[in-house]
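Coordinates in review
Residue strings, one per chain:
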Amino acid sequence: MLKELSIKNFAIIDELTVEFQNGLTVLTGETGAGKSIIIDAVQLLAGGRGSQEFIRHGAKKAELEGLFTLPEGAHPAIDKCAELGIEVDEGTIILRRDLNDHGKSVCRVNGKLMPIGMLREVGATLIDIHGQHESQELMDDKHHINLLDQFAGEAIYDEKQQYIEIYQSYKELKSELAALSLGEQQIAQKIDLYSFQIKEIDRCKFLANEETELMEERRRLNNFHKIFEGSSLAHEAILGESKGIDWIGQAMSELEDVANVDDQFKELSSTVSEAFYSLQEAAFTLKNRLDEMEFDPERLNEVEQRLALIQNMKRKYGHSLQEVLDYRAQIGLELETLENSDENIQQNEKKLRQFELKLAEQAAKLTVIRKEYGTQLAEKIMTQLQELYMERAKLIVQVNEYSEGNFDQNGADEVVFYISTNIGEPPKPLTKIASGGELSRIMIALKTIFSSTMGITSIIFDEVDTGVSGRVAQAIADKISLISRNSQVLCISHLPQVAAMADHHYYIRKQEEDNRTKTSLTELFNDDRIDEISRMMSGQVVTEKTFQHAKELVELANSQKVN
């Protein structure tokens, strides 16, 4: 659930921290007090689209932070965090988002910086926000199949996973086939190009470490005189007239005599002896090197030309000599494929037909499951709608199969919700005829059905009860309360029936302080809560009769929740 929400410099909210509880939390207040601003903050925290317009006037940035606690056991949010490399300790996830005045967002999950897209992926496993104008899933036919598959649950999960694996292999093979099925002219052009490039690279006869070795050789050739002079002076210092090695030899001889009479000098004598023989060997090596050294200006020219050739090839085929060689290997394989394209096309077409048969077989299994559970879902939705006083509604979950050979990531089905809300009218696509109030009730019906299996920690309803009253309002209140038994629910409402069903009731007020408007949040208890419900029932003037009516409404709600 959303355990704690912290908001700073967001719209008309200066600074606000609130702790939420399980069950149904209702937020009420006058229009414009800032109720929807809090929902906007949660939506942005879950990865919604942000804007610098949300930043409070005069502030540099808006800061949003939410602490979520997860139930014990497996949870989609834990799986998603693991996939993104985010550690989750003790079932706690902290989302944070800063909106800067230059239009950029800084997003963190459990302290780890990440792009807005990843924040959105995590947020989708934690929060489900439904507003009076946000019935996207219902208003888009493409989402209906996801709702049906969610309802089918385990009955379809394994079969769908098998289908997805086959479909992914099918798509990859289809892409390969499309690449092979180029026009004859394009194939001929590619063959000519690759053949030329291969010949050009092969003509150079490059070796893997050649560039490094050539650069080292060029450095030696460019510094030949310095190397020769330094080596000669070193040899002269050891074996020349100054006879440096003779003095070391004398020291060695003297220390050997001393060590024979004093053991304390044995180690020192050994060190000097090793130095003598090392110098002697170094001197012989220097002499051999000097005898072999000969400056060859032609070789320097050859090295420069070879390095220039390598640079030219790198400009064409890669940033390094290894990349040039890798490119040669890659186009060699592609050339072989193109030269045998007819044979490869035939083989892939045969494989593709085999995949299509497998897809058709697996998609048929999905269709059977969807038709069975489509009937069950329609019946359950209609049962819920009857309790929401849409007794005359008739809803059909229509599963239509694509024409033979057509598939997508979900199978070969199109799922569309059809509804008729008036007797004598044939069912028509839900997206074409449902009103706002009807969509709200259908969405609440779906949330009631799915609430125990959604895995979402927090469901938010933003004024979904707008435009209803009387017995419909009470029915909606009952359903929202029922949903909160399985998941934390935050609800902004103007209906006293919904407020009466709340487990926790917060009042949002807007006030002026130091010539600035601020929003504050206060939890209501006992008589204060009944006063607020009375105000919702009658407006500003609250009479004793209204107060008693509100009190009775709360008592009835408490009794109903117990039952």
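An account of the accompanying structure is given in this report. Here, residues in each chain are numbered from 1, in the same order as that chain's written sequence. With pLDDT at 70 or above as the cut-off, local features in this predicted model cover only qualifying residues; side-chain atom pairs require 80 or more to be listed or tallied, and sums for whole chains, interfaces and linings still use all residues. Each side-chain value is derived from all of the structure's non-hydrogen atoms; neither hydrogens nor water enter the calculation.

1. Comments concerning the sheet that holds strand β11 (residues 428–429)
Pairing between strands requires that DSSP locate at least two bridges from one strand to the other. Numbered from the N terminus, helices here are DSSP runs of H or I no shorter than four residues, and strands are runs of E no shorter than two. Spatial ordering of the open sheet is given by β9-β10-β11, a layout of 3 strands whose pairing is antiparallel. Both outer strands of the open sheet, β9 (394–401) and β11, are each paired with one neighbouring strand and no more. Residue contacts follow a heavy-atom distance rule, with two residues in contact if any of their heavy atoms lie within 4.5 Å. Between N-to-C directions, angles cover 0 to 180 degrees, with each direction set by a line fitted to C-alpha atoms, over the stretch in contact for helices. Set on the sheet, helix α5 (residues 144–152) makes contact with β9 and β10 (413–420); between it and β10 the angle comes to about 95°.

2. Quick look at the packing of aromatic side chains
Stacked, tilted and edge-to-face pairs are distinguished by plane angle, under 30 degrees for stacked and over 60 for edge-to-face with tilted covering the rest, among Phe, Tyr and Trp rings (Trp via its six-membered ring) whose centres lie within 6.5 Å. Considering all chains together, one arrives at 10 aromatic pairs under this definition. Ring geometry for Tyr-167 against Tyr-170: centres 6.2 Å apart, planes inclined by 35°, an arrangement best described as tilted. A residue pair is termed a helical-turn pair when its members lie 3 or 4 positions apart in one helix, as Tyr-167 and Tyr-170 do in helix α6 (residues 154–180) at 3 residues. Comparing Tyr-167 with Tyr-170, the two get one shared label, buried. When accessible area is computed with a 1.4 Å probe and restricted to protein chains, residues below 20% of their type maximum are described as buried, those above 50% as exposed, and intermediate ones as partly exposed.

3. Comments concerning the pattern of salt bridges
When a carboxyl oxygen of Asp or Glu lies within 4 Å of a side-chain nitrogen of Lys or Arg, that pair is called a salt bridge. The final tally for this structure, using the stated rule, is 27 salt bridges. The salt bridge involving Arg-299 is made with Glu-217; its shortest N-O contact spans 2.6 Å. Here Arg-299, found in helix α12 (residues 297–317), pairs with Glu-217, found in helix α8 (residues 210–222); they are 82 residues apart in sequence, far enough to count as distant. Judged by relative accessible area, Glu-217 falls into the buried class, the value being 18%. Here the salt bridges do not stand alone but share partners, grouping Lys-61, Glu-63, Glu-65, Arg-96 and Asp-98 into one network.

4. Here's the deal with the nonpolar core
Think of a nonpolar core as a cluster: buried Ala, Val, Leu, Ile, Met, Phe, Trp, Tyr and Cys residues, connected wherever their side-chain atoms sit within 4.5 Å. Counting 70 residues, the largest nonpolar core has Leu-377, Val-397, Phe-407, Phe-461, Ile-480 and Val-489 as its most contacted members. At 11 residues, the largest contribution of residues to this core is made by helix α14 (residues 341–387). Discounting residues that sit within four places of it in the chain, Leu-377 has contacts with Leu-148, Phe-151, Val-397, Phe-417, Leu-446, Ile-449 and Phe-450.

5. Description of the sheet that holds strand β6 (residues 105–109)
A sheet is described by the order of its strands in space; here 6 strands give the open sequence β2-β1-β4-β5-β6-β7, paired in antiparallel fashion. In the strand order of this sheet, the two ends are held by β2 (13–19) and β7 (112–114), each with one partner. Looking at each pair of strands side by side, their axes are set apart by 15° on average, direction ignored. Relative to β6, strand β5 (residues 92–100) is paired through 5 bridges, and the arrangement is antiparallel.

6. A word on the packing of helix α10 (residues 244–261) against helix α11 (residues 266–292)
Two numbers describe how α10 lies on α11: the axes approach to 9 Å, and their chain directions differ by 155°. Judged by the angle between their axes, α10 and α11 are roughly antiparallel. You can see that α10 and α11 cross each other, and the crossing is left-handed. Contacts between α10 and α11 involve Ile-245, Ile-248, Gly-249, Ala-251, Met-252, Leu-255, Glu-256 and Ala-259 from the first element and Lys-266, Leu-268, Ser-269, Val-272, Ser-273, Phe-276, Tyr-277, Leu-279 and Gln-280 from the second. Angular relationships are summarised with four words: roughly parallel below 35 degrees, roughly antiparallel beyond 145, roughly perpendicular across 65 to 115, and oblique for the angles in between. For any pair of crossing helices, the crossing counts as left-handed if the nearer helix is rotated counterclockwise from the farther one by less than a right angle, and right-handed if it is rotated clockwise.

7. With respect to the environment of Met-252
Here Met-252 is to be found in helix α10. What makes Met-252 buried here is its relative accessible area of 10%. In this structure the C-alpha to C-alpha distance between Met-252 and Glu-294, which are 42 residues apart in sequence, comes to 36 Å. With residues near it in sequence (within four places) discarded, Met-252 still touches Val-272, Ser-273, Phe-276 and Tyr-277.

8. Considering the pairing of strand β3 (residues 24–29)
Across the 6 residues of β3, 6 count as buried, placing the element largely inside the fold. The alternating pattern of β3 places Leu-24, Val-26 and Thr-28 on one face and Thr-25, Leu-27 and Gly-29 on the opposite face, and all of these are buried. As judged from the 5 bridges shared by β3 and strand β14 (residues 504–513), these two strands associate in the parallel manner. Bridge pairing in β14 places Gly-29 opposite Ile-508.

9. What to know about unusual backbone geometry
Even without glycine at this site, Asn-9 takes up a positive phi of about 55°. With respect to the element layout, Asn-9 can be found in strand β1 (residues 2–10). Here Glu-90, not a glycine, exhibits a phi torsion of approximately 55°, which is positive. Turning to its location among the elements, Glu-90 is positioned in the loop between α2 (76–83) and β5.

10. Let's talk about the environment of Leu-268
Relative to the assigned elements, Leu-268 resides in helix α11. With relative accessibility at 44%, the residue Leu-268 sits in the partly exposed group.

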